[in-house]
Amino acid sequence: MVAAFSEQFDRHGAWRREMSSRLKNLAAWLRQQRLLDDATDESLQRLVEQLRSDKVMVAFVAEFSRGKSELINAVFFAGYGRRIMPASAGRTTMCPTELAYDAELPPCLRLLPIETRLQPQALMEWRMAPEQWTRVDLDVNDPQQLASAMEKVSEVRYVDQAQARALGFWHDDRPEDNPPVNAQGLVEVPRWRHALINMAHPLLRQGLVVLDTPGLNAIGAEPELTVNLIPQAQAVVFILAADTGVTKSDLGIWREHVATMQDSSSSRFVVLNKIDALWDELSTPAQIEAQIARQCADTARTLALQDDQVLALSAQKGLLAKVRGDAALLADSRLPHFEDLLGQQVLGARHAMLHDAIGAGVARAQAEAERTLAMRGRELSDQTIELNGLRGKNHQVIHQMRLRIEQEKADFDRSAASVLAVRSVHLKLLREVFQLLGNASIKRELAELNAALREPGLKLGIKKSYADGFERLRGVIRQVQALEGEIHAMLKAAFVQLNTDYGFALQAAEPPAMERFVSDLDAVERSHLRYLGVGHMLQLARAGFSEKLVRALLTRVRSIFETALGDIELWNKATTSQLDTQLRERRRAYGRRIDAVERIQDAAGSLDQRIHDLQQEQQALQATAQRLRELGHELRRASATDAADTAPPELTEVVPA
Ligand SMILES: Nc1nc2c(ncn2[C@@H]2O[C@H](COP(=O)(O)OP(=O)(O)O)[C@@H](O)[C@H]2O)c(=O)[nH]1
Ligand SMILES: [Mg+2]
């Protein structure tokens with residue numbers, strides 16, 4: 001069964017919504033049972049947020065006029081019945097364009113003027129300065145207005161060579177790659193540097209982000225695109241055209257931006273577009289078929305791929321067929337096969353990632369709740385034994401027992417001091433971790449690389465500086481890992497002591513793994529080195545360019561360190577919550593025991609009645625434990641349902657018991 005990308009994405013969206021409503025129900029139920037500590041609450045909320053805001057970015061990377069925008073229209077926007085991205089001869093995207101949905105904003109197109117390239121800020125920083133962008137509101141109900149507003153991404157300006165050079169579109173060392181000069185000696189450059197389209201399209205609402213890029217010249221001039229944006233996309237679609245074959249500049253883009261991403265986690269697709277150019281009326285279908293196969297094989301060989309890794313299709317006919325509802329033409333366009341693969345790979349990977357996160361989160365919540373239930377169960381049976389021992393005893397014995405419980409409680413109250421001592425050691429170590437992952441630390445570790453990049457002139461030793469800088473950053477993560485180990489060992493020892501001394505059931509949670517941040521750093525380093533490796537050394541000699549690269553680097557490293565910090569904070573919270581929960585549960589149990597004995601002393605309640613109540617509470621506790629297992633099981637089962645394979649599930653409300 002071949003499923004259109006939009007259907008697969010809808011199902012994935014429905015699955016995400018279902019999972020988040022199940023997680024919310026789990027949290028509500030846990031809260032009702034007084035089994036939800038702060039840390040579990042926060043980690044479940046984070047999961048819900050992750051499910052809600054999960055983004056899937058599909059980046060289209062290719063030379064001018066290969067049909068990127070047309071393919072985007074065909075796969076995502078055919079429902080509008082017309083082109084949304086400008087894709088007709090002479091009306092091509094001139095600047096990188098991101099299509100996404102942000103509920104905080106009205107439907108609009110935001111454009112960042114090309115002149116911002118003369119300033120050092122990274123694209124990420126410009127994103128946070130909305131006033132610098134030109135905003136055009138979009139009327140989503142008026143396809144005509146929509147399409148004409150979108151044409152802004154095709155706007156150009158004419159500047160002299162010096163300006164073109166300053167903007168990054170003119171290179172004296174590679175004259176053959178420079179844009180043409182008009183009769184007045186002026187160079188055509190894009191009017192905008194970056195475009196953000198905000199639209200409440202169903203796919204975009206569910207977290208799809210589409211990145212349309214212009215050709216080689218413009219991509220090359222924006223280092224951040226290459227080192228940050230494209231490597232972070234979940235899928236990169238590289239497009240060639242059947243009528244042009246593989247040209248030198250196609251190869252340039254392939255080598256520079258696509259081929260090297262093999263080792264990254266994103267899926268890569270190679271599309272041979274415009275196969276309708278081969279639909280020759282005088283050839284038989286078999287001949288056409290053979291010709292397409294031959295061209296795919298040639299392309300595969302040039303790019304060093306397997307034949308079946310090149311997907312032949314016609315974006316234009318695919319779009320036309322969808323708009324007209326022409327099933328035969330749609331089949332001929334071969335668009336559905338590409339959509340199916342795109343959906344399966346991208347959403348499959350997304351599903352697996354979220355499924356793992358849900359599994360881990362639910363298992364943690366369940367373990368925490370089970371620990372509390374076990375503790376409650378133990379208290380109940382201790383108390384039952386205690387009360388059974390009072391049968392037929394006189395007042396004096398009962399009084400003695402009360403004194404003993406009060407003594408025990410006084411002993412227990414002293415545990416608070418020990419808990420406090422553990423916490424203060426814990427916090428001291430954590431503060432070291434927070435400092436290591438803070439901004440000052442990043443700046444310090446990258447100071448040399450930063451200085452090397454900012455030094456004027458050719459930077460021949462720059463690769464070494466990168467290697468050193470990143471080794472230092474990895475060193476920081478290793479230090480954090482060591483501290484985590486230290487904290488974990490300290491907590492384990494302290495918990496064993498507290499458990500023996502005061503009858504707690506504390507268990508030190510495993511620290512969050514840091515390996516993934518090391519590999520994130522590796523990926524950033526690779527993307528920078530790769531970028532410098534393909535002929536950007538000369539550009540690096542320009543101060544403005546290096547400045548941008550430095551800023552792009554810092555923002556990226558900062559976000560990796562912040563994520564690591566977030567994980568560690570949650571781990572810390574889990575420890576604190578566990579201590580709080582156990583202190584609270586124990587205190588409550590003492591209160592109940594004293595209360596029970598008091599009632600018996602005052603003859604306010606019969607011993608038998610009290611013991612009977614305890615038995616009922618035990619049963620209720622078992623029912624709760626059973627329900628907890630069921631909820632966990634249901635959640636895991638629903639999460640495992642492959643979003644891409646099943647019909648959208650009904651949104652079942654798990655009614656709190
Ligand atoms: N014959 C044919 N032309 C196409 C196809 N896809 C795109 N085109 C045309 O190729 C030109 C460039 O397409 P566009 O999407 O703007 O290319 P981009 O620069 O890569 O975004 C436009 O005139 C399109 O109509 C296709 O599948 N078949
Ligand atoms: Mg385009």
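What counts as what
Residues numbered from 1 in each chain as written. Chains lettered and ligands numbered in written order. Predicted model: local features only at pLDDT ≥ 70, side-chain atom pairs only at ≥ 80, totals over all residues. Heavy atoms only, no water. Core = buried A, V, L, I, M, F, W, Y, C linked by side-chain atoms within 4.5 Å. Buried < 20%, exposed > 50% of the residue type's maximum accessible area, 1.4 Å probe, protein only. Helix = DSSP H or I, 4+ residues; strand = E, 2+ residues; numbered from the N terminus. Contact = heavy atoms within 4.5 Å. Pairing = 2+ DSSP bridges. Axes fitted to C-alpha atoms, helices over the stretch in contact; angles between N-to-C directions. pLDDT = per-residue confidence, 0-100. Near = heavy atom within 4 Å. Polar contact = N/O pair within 3.5 Å; in protein donor to acceptor, adjacent residues only side chain to side chain. Areas by Shrake-Rupley, 256 points an atom, 1.4 Å probe, with all protein chains shown as cover. 1 Å grid on protein atoms, 1.4 Å probe; cavity = no way out; pocket = protein on both sides within 12 Å on 5 of 7 lines; lining within 4 Å. Points joined across faces, edges and corners; volume = space filled by probe spheres on them. Phe/Tyr/Trp six-rings, centres within 6.5 Å; stacked < 30°, edge-to-face > 60°.

**A look at the nonpolar core**
If you look at the biggest cluster of nonpolar residues, it comprises 91 residues, and the most contacted ones within it are L30, L437 and F561. At 19 residues, the largest contribution of residues to this core is made by helix α21 (residues 543-601). Those residues within four positions of L30 in sequence are excluded, and the remaining contacts are L35, L36, L44, A365, A369 and L628. I72, L111, V136 and M199 belong to the second largest nonpolar core, which has 47 residues in total.

**Let's talk about the sheet that holds strand β3 (residues 108-113)**
Ordered in space as β4-β3-β7-β2-β8-β1-β9-β10-β11, the nine strands form an open sheet in which the pairing is mixed. Both edges of this open sheet fall to β4 (134-137) and β11 (310-312), since each of them pairs with a single strand only. Averaged over all adjacent pairs, the angle separating strand axes in this sheet is 20°, with direction ignored. Across six bridges, β3 lies against strand β7 (residues 192-198) in antiparallel orientation. For L109, the partnering residue across the bridge sits in β7 and is I197.

**Digging into the pairing of β7**
When you tally the buried positions in β7, you get seven out of seven residues, the bulk of the element. Pairing of strand β2 (residues 97-100) with β7 involves four bridges; the strand directions are parallel. Its bridge partner lying in β7, L99 is registered against I197.

**Examining the confidence of the model for the chain**
For the chain, per-residue confidence averages 87 on the pLDDT scale, and 93% of positions sit at 70 or higher. Note on residues 644-657: pLDDT under 50 across the span, and 27 contacts to partners over four residues away in sequence or across chains.

**Overview of the site of ligand 1**
Taken together, 18 residues form the shell around ligand 1, and within it S65, K68, E70, T92 and D276 come nearest. A distance of 3.1 Å separates an oxygen atom of ligand 1 from a polar atom in the backbone of R66. Backbone polar atom of G67 to an oxygen atom of ligand 1: 3.0 Å apart, as the coordinates give it. In isolation ligand 1 exposes 570 Å². Once the protein is present, 89% of that is buried. For the shell around ligand 1, the elements supplying multiple residues, two or more each, are α3 (68-76) and α12 (315-324). If one sorts the elements of the shell around ligand 1 by residue count, α3 sits on top with three residues.

**Quick word on empty space enclosed by the protein**
Scanning all chains against the criterion turns up four cavities of 30 Å³ or more. When its volume is computed, the largest cavity comes out at roughly 50 Å³. Surrounding the largest cavity, L446, L449, N450, L453, V550, L553 and L554 form its lining. At the level of elements, α17 (447-454) and α21 are the ones that each hand at least two residues to the lining of the largest cavity.

**Here we look at the packing of aromatic side chains**
Under the criterion given, the structure shown has 11 aromatic pairs. Ring geometry for F5 against F76: centres 5.5 Å apart, planes inclined by 85°, an arrangement best described as edge-to-face. Of this pair, F5 sits in helix α1 (residues 5-32) while F76 is found in helix α3, placing the two residues 71 residues apart along the sequence. Neither F5 nor F76 differs from the other in exposure class; each is buried. With centroids separated by 5.2 Å and ring planes inclined at 45°, the aromatic side chains of F238 and W254 adopt a geometry described as tilted. A residue pair is termed long-range when its members are at least 10 positions apart, and F238 in strand β9 (residues 235-241) and W254 in helix α10 (residues 248-258) qualify at 16 residues. Of the two residues, F238 and W254, both sit in the buried class.

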